[in-house]
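The lines below spell out each chain.
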Amino acid sequence: MSKSNSDKIYDVAIVGTGPGGSSAAFYLSKLGRSVVILDKEKLPRRKICGDAISQIAQKHLTEMGVLQEILAEKKGHWAEIGGLISPKRITYIDNSAEEIGSHLMISIKREIMDYKMTLAAKKEGAELVDEYNVKEVKFSEKHQLWTIIPHDEKQKKLKAKVLIAADGAVSKIARSLGIITSPPQAVCSSVYIKAGTHQYKEDGVCLYTQDILPGYTALFKEADGDLVFCCYIIPGGRYKTSDLQHVHQSFLSGEPYLSKALGPKAKIEPMNSAPLRLGGVKKSYSNQLLIVGDAAGMIDPLTGEGIQYAMDAGEIAANILDEGFNKNDLSEKFLKKYQKEWMKSFGRDFKWSTRMVKVIAKKPIFIDAFAQLCNDRGPSYMIMWAKIMTGSQSKLSFFKPKLALPLLLTAIKLSLKKK
Ligand SMILES: Cc1cc2nc3c(=O)[nH]c(=O)nc-3n(C[C@H](O)[C@H](O)[C@H](O)COP(=O)(O)OP(=O)(O)OC[C@H]3O[C@@H](n4cnc5c(N)ncnc54)[C@H](O)[C@@H]3O)c2cc1C
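Let us look at the structure shown here. (Residues numbered from 1 in each chain as written. Predicted model: local features only at pLDDT ≥ 70, side-chain atom pairs only at ≥ 80, totals over all residues. Heavy atoms only, no water.)

**Examining helix H11 (residues 365-377)**
- Compared with an ideal rise of 1.5 Å per residue, which puts 13 residues at 18 Å, H11 spans 18 Å between its outermost C-alpha atoms and is within 8% of the ideal.
- Taken together, the buried positions of H11 are Ile 365, Ile 367, Asp 368, Ala 369, Phe 370, Ala 371, Leu 373 and Cys 374.
- Just beyond H11, the residue with positive phi is Gly 378, at close to 95°. (Helix = DSSP H or I, 4+ residues; strand = E, 2+ residues; numbered from the N terminus. Expected span 1.5 Å × (residues − 1). Buried < 20%, exposed > 50% of the residue type's maximum accessible area, 1.4 Å probe, protein only.)

**Points about the packing of aromatic side chains**
- Using the criterion set out here, one finds twelve aromatic pairs in the structure.
- Plain terms: the ring middles of Tyr 216 and Tyr 232 are 5.7 Å apart, the flat faces sit at 75° to each other, and that makes the pair edge-to-face. You can see Tyr 216 sitting in strand S14 (residues 216-221) and its partner Tyr 232 sitting in strand S15 (residues 227-233), a full 16 residues away along the chain. The exposure classification of Tyr 216 matches that of Tyr 232, with both residues buried.
- For the pair Tyr 309 and Phe 346, a centre-to-centre distance of 5.0 Å together with 45° between the ring planes defines the contact as tilted. One end of the pair, Tyr 309, is in helix H9 (residues 307-327); the other, Phe 346, is in helix H10 (residues 332-362), with 37 residues separating them in the sequence. Neither Tyr 309 nor Phe 346 differs from the other in exposure class; each is buried.
- Positioned above the aromatic ring of Tyr 192 is the side chain of Lys 109, whose terminal nitrogen or guanidinium carbon lies 4.5 Å from the ring centre. (Phe/Tyr/Trp six-rings, centres within 6.5 Å; stacked < 30°, edge-to-face > 60°. Lys NZ or Arg CZ within 6 Å of the ring centre and 35° of its normal.)

**Let's talk about the state of the cysteines**
- Counted under the stated rule, the structure contains zero disulfides.
- Free of any disulfide, Cys 188 has its nearest cysteine sulfur in Cys 230, 4.5 Å distant.
- With relative accessibility at 10%, the residue Cys 230 sits in the buried group. (Disulfide = S-S within 2.5 Å.)

**Details of the environment of Asp 349**
- Here Asp 349 shows up in helix H10.
- When its relative accessible area of 16% is taken as the criterion, Asp 349 is described as buried.
- Linking Asp 349 and Ala 386, residues 37 residues apart in sequence, is a C-alpha distance of 15 Å.
- Residues contacting Asp 349, with those up to four places away along its chain left out, are Gln 393, Ser 394, Lys 395 and Leu 396. (Contact = heavy atoms within 4.5 Å.)

**Side note on the packing of H11 against helix H12 (residues 379-389)**
- Contact geometry of H11 with H12 gives a least axis separation of 6 Å together with a crossing angle of 140°. The angle between H11 and H12 places the two elements in the oblique class. Contacts from Ile 367, Phe 370, Leu 373, Cys 374 and Arg 377 of H11 reach H12 at Pro 379, Ser 380, Tyr 381, Met 382 and Trp 385.
- Residue composition of the contact of H11 with H12, by class: eight nonpolar, one polar and one charged. (Axes fitted to C-alpha atoms, helices over the stretch in contact; angles between N-to-C directions. Parallel < 35°, antiparallel > 145°, perpendicular 65-115°, else oblique. Nonpolar A, V, L, I, M, F, W, Y, C, P; charged D, E, K, R; others polar.)

**Quick word on unusual backbone geometry**
- Omega for the peptide link from Leu 43 to Pro 44 comes to -5°, which places this bond in the cis form.
- Here Pro 44 is to be found in the loop between strand S2 (35-38) and strand S3 (52-54).
- Omega for the bond connecting Leu 213 with Pro 214 falls within 30 degrees of zero, at 5°, which places this linkage in the cis form.
- Checked against the element boundaries, Pro 214 lands in the loop between strand S13 (204-207) and S14.
- At Gln 144, a position not held by glycine, the phi torsion is positive, near 55°.
- Of note, Gln 144 is situated in the loop between strand S9 (134-140) and strand S10 (145-150).
- Taking the relative accessible area as the measure of exposure, Gln 144 reaches 37% and is therefore partly exposed.

Set out below in structure tokens:
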């Protein structure tokens, strides 16, 4: 465990060293603010994830010098050959990276990526304390300071002017302060399949099988040759979140594409799962307090992805806090700006994602039409889809005539064919 300076009053204490906490720590430290970043786990720690890192997240990793390190150490795997399988099993798998000359996704194990991000923040000056399980946080109106109290009484209490809760979807902190009141809505499983035991040829494929819609399953390849399989269940379809274990297992044991990709000798780790808080909370700020990442529900309901939004929010939080420190105003009224900024940057798009989830649940034919369209017109459609799904383009782009019209026509053709 790293040491902390208990007498010091930090500008900002951050709970959580995931992408949200680490990016906030990095950008704040870069701006010259004194920061302590805490995690209950001994670092590096494992994080249940699909490990799919989008272009927006890659931009932050590059800014931090982390992507360069990961590539030099060959710990990232670019997704080149990939695609989707639709409810009617229309399959589109191609090398889209070849078409655009760049990569939309890279797989990086979170144990590696998150730790490197935290170390990048430390390099900028943030103090890191791992194995520090925050039990309670208290705000003193009199001193205008937060006290952070650990479970372990042998560890010192810490003091800071501002608190950032980046403690993940369950967010004990935001809940204990009464800022977050609703439970996470969705759930996702994740499992590694050992390198050398499978027969997977692609880099990343999403399976929109009828049963699991509006969720999906995905299989991605890692740099060490392991595979990561995820099963995302969001309410609105046939399954409840409590069905996850059963659905996950039945996909792995009986879904034809997966059975072929894994082969008979695949060594599959036991399943892990975690809840997902979706769509962004209505309030993620209070006096001298910000909530960042999964804790504030910054997960796209359509994809279940949240790494890039946690990083974006970390950067937005850092810039707004810096402005607040400069103006000597860290009031709730001023920090409302944080909510406005992340809503403008990506939160509003979550509303379109929620609408699309409802459309997919009722009309899965649109996924079939999309897979068909990719087959008919080539990889440029797949790229459009991937850019929208990964947040590089707004979900509203689905409604632009260039995509919406052929999609609608193909959906009509497919449903007439059915009749
Ligand atoms: C199965 C699964 C698959 C996913 N796949 C993808 C994907 O492929 N791509 C994608 O973009 N997103 C994916 N996500 C979402 C992604 O994991 C999250 O959006 C992302 O981790 C959010 O980062 P964060 O920093 O907000 O929180 P986290 O990464 O959850 O970090 C929170 C940190 O807080 C620490 N902490 C919690 N409580 C305390 C405490 N009391 N004291 C001290 N420390 C504490 C935890 O130990 C943890 O390190 C997936 C999620 C799941 C569950």
